[in-house]
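Examining the three-dimensional arrangement
Each chain, written out:
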Amino acid sequence: MAEALRLAQVAYDEGEIPVGAVVVIGERIIGKGYNQTEKLNDVTAHAEMIAITAASDHLGSKYLQDCTLYVTLEPCVMCAGALYWTQMKRVVLGAMDEKRGFSKLGKGILHPKTKLSSGILAAESQELLVKFFRQLRT
């Protein structure tokens, strides 16, 4: 999760909503991403989507059943849907997204075998988000 938080800081430094994500298999990071929707002018360029694509490319497979996604902010419905199709083994969340997070629809949006954990480095993730949006409004 520390690497995901570092990537969120990269997004912040680039003027993007500060979200970072990594996909891990065993102890090895095989996919990394941070929000790049502004930079790429692409509403689908979320940290999770970029990390999933990198991991799938690395493994040569669309399925990530043996992988864990660490992400600093609860995924949106689009990203949760992508996680469903990858059959991700585990998803570890930092901060919860009260407005746009997938959990409003229930855990059922993730694959039935996906394990979900939350609250890892949540305060640090939330702090970066609050700082970003506070600066945006001033």
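Conventions and cut-offs
Residues numbered from 1 in each chain as written. Predicted model: local features only at pLDDT ≥ 70, side-chain atom pairs only at ≥ 80, totals over all residues. Heavy atoms only, no water. UniProt positions renumbered as here; feature names shortened; annotations may be inferred. Axes fitted to C-alpha atoms, helices over the stretch in contact; angles between N-to-C directions. Helix = DSSP H or I, 4+ residues; strand = E, 2+ residues; numbered from the N terminus. Parallel < 35°, antiparallel > 145°, perpendicular 65-115°, else oblique. Contact = heavy atoms within 4.5 Å. Nonpolar A, V, L, I, M, F, W, Y, C, P; charged D, E, K, R; others polar. Phe/Tyr/Trp six-rings, centres within 6.5 Å; stacked < 30°, edge-to-face > 60°. Buried < 20%, exposed > 50% of the residue type's maximum accessible area, 1.4 Å probe, protein only. Pairing = 2+ DSSP bridges.

The chain is annotated in an unreviewed UniProt entry as tRNA-specific adenosine deaminase of Dyadobacter pollutisoli. Of the chain, the UniProt comment under Sequence similarities (unreviewed entry) reads exactly: "Belongs to the cytidine and deoxycytidylate deaminase family. ADAT2 subfamily." Per UniProt, the chain carries the Catalytic activity (unreviewed entry) text "adenosine(34) in tRNA + H2O + H(+) = inosine(34) in tRNA + NH4(+)".

1. Re the packing of helix 1 (residues 2-13) against helix 5 (residues 122-137)
In the contact formed by helix 1 and helix 5, the axes pass within 10 Å of each other and the chain directions differ by 5°. By the angle class used here, helix 1 and helix 5 are roughly parallel. Together, Leu 5, Ala 8, Gln 9 and Tyr 12 of helix 1 and Glu 124, Ser 125, Leu 128, Lys 131, Phe 132 and Gln 135 of helix 5 make up the contact between the two elements. The residue inventory of the contact of helix 1 with helix 5, partitioned by class, reads five nonpolar, three polar and two charged.

2. A few points about the UniProt feature "domain: CMP/dCMP-type deaminase" (unreviewed entry) in the chain
The UniProt record annotates "domain: CMP/dCMP-type deaminase" (unreviewed entry) at residues 1-105. For residues 1-105, the end-to-end C-alpha separation is 25 Å, with 37% helix and 25% strand making up the annotated structure.

3. What to know about the packing of aromatic side chains
Aromatic rings in a pair are described by how distant their centres are and how their planes are angled relative to each other. Counting across every chain of the model gives three aromatic pairs. Ring centres 6.1 Å apart and planes at 70° place the aromatic pair Tyr 12 and Phe 132 in the edge-to-face group. Of this pair, Tyr 12 sits in helix 1 while Phe 132 sits in helix 5, and the two are 120 residues apart along the sequence. There is no split in this pair, since Tyr 12 and Phe 132 are both buried. Each ring, one from Tyr 84 and one from Trp 85, has its centre 5.2 Å from the other, and the planes form 80°; the classification is edge-to-face. The class for Tyr 84 is partly exposed, based on a relative accessible area of 27%. For Trp 85, a relative accessible area of 64% gives the class exposed. In textbook terms, an aromatic cluster arises when at least three aromatic residues are bridged by ring pairs, as seen for Tyr 12, Phe 132 and Phe 133.

4. Considering the sheet that holds strand 5 (residues 115-117)
Backbone-to-backbone hydrogen bonds pair the strands of a sheet. The strands run either parallel or antiparallel. One open sheet holds the five strands; their spatial order is 2-1-3-4-5, and the pairing between them is mixed. Since the sheet does not close on itself, it has two edges, and those belong to strand 2 (28-34) and strand 5, each with one partner. The sheet shows a mean angle of 15° between the axes of neighbouring strands, direction not considered. With five bridges joining them, strand 3 (residues 67-73) and strand 4 (residues 90-95) adopt parallel strand pairing. In the sheet register, Leu 69 faces strand 4, and the bridge partner there is Val 91.

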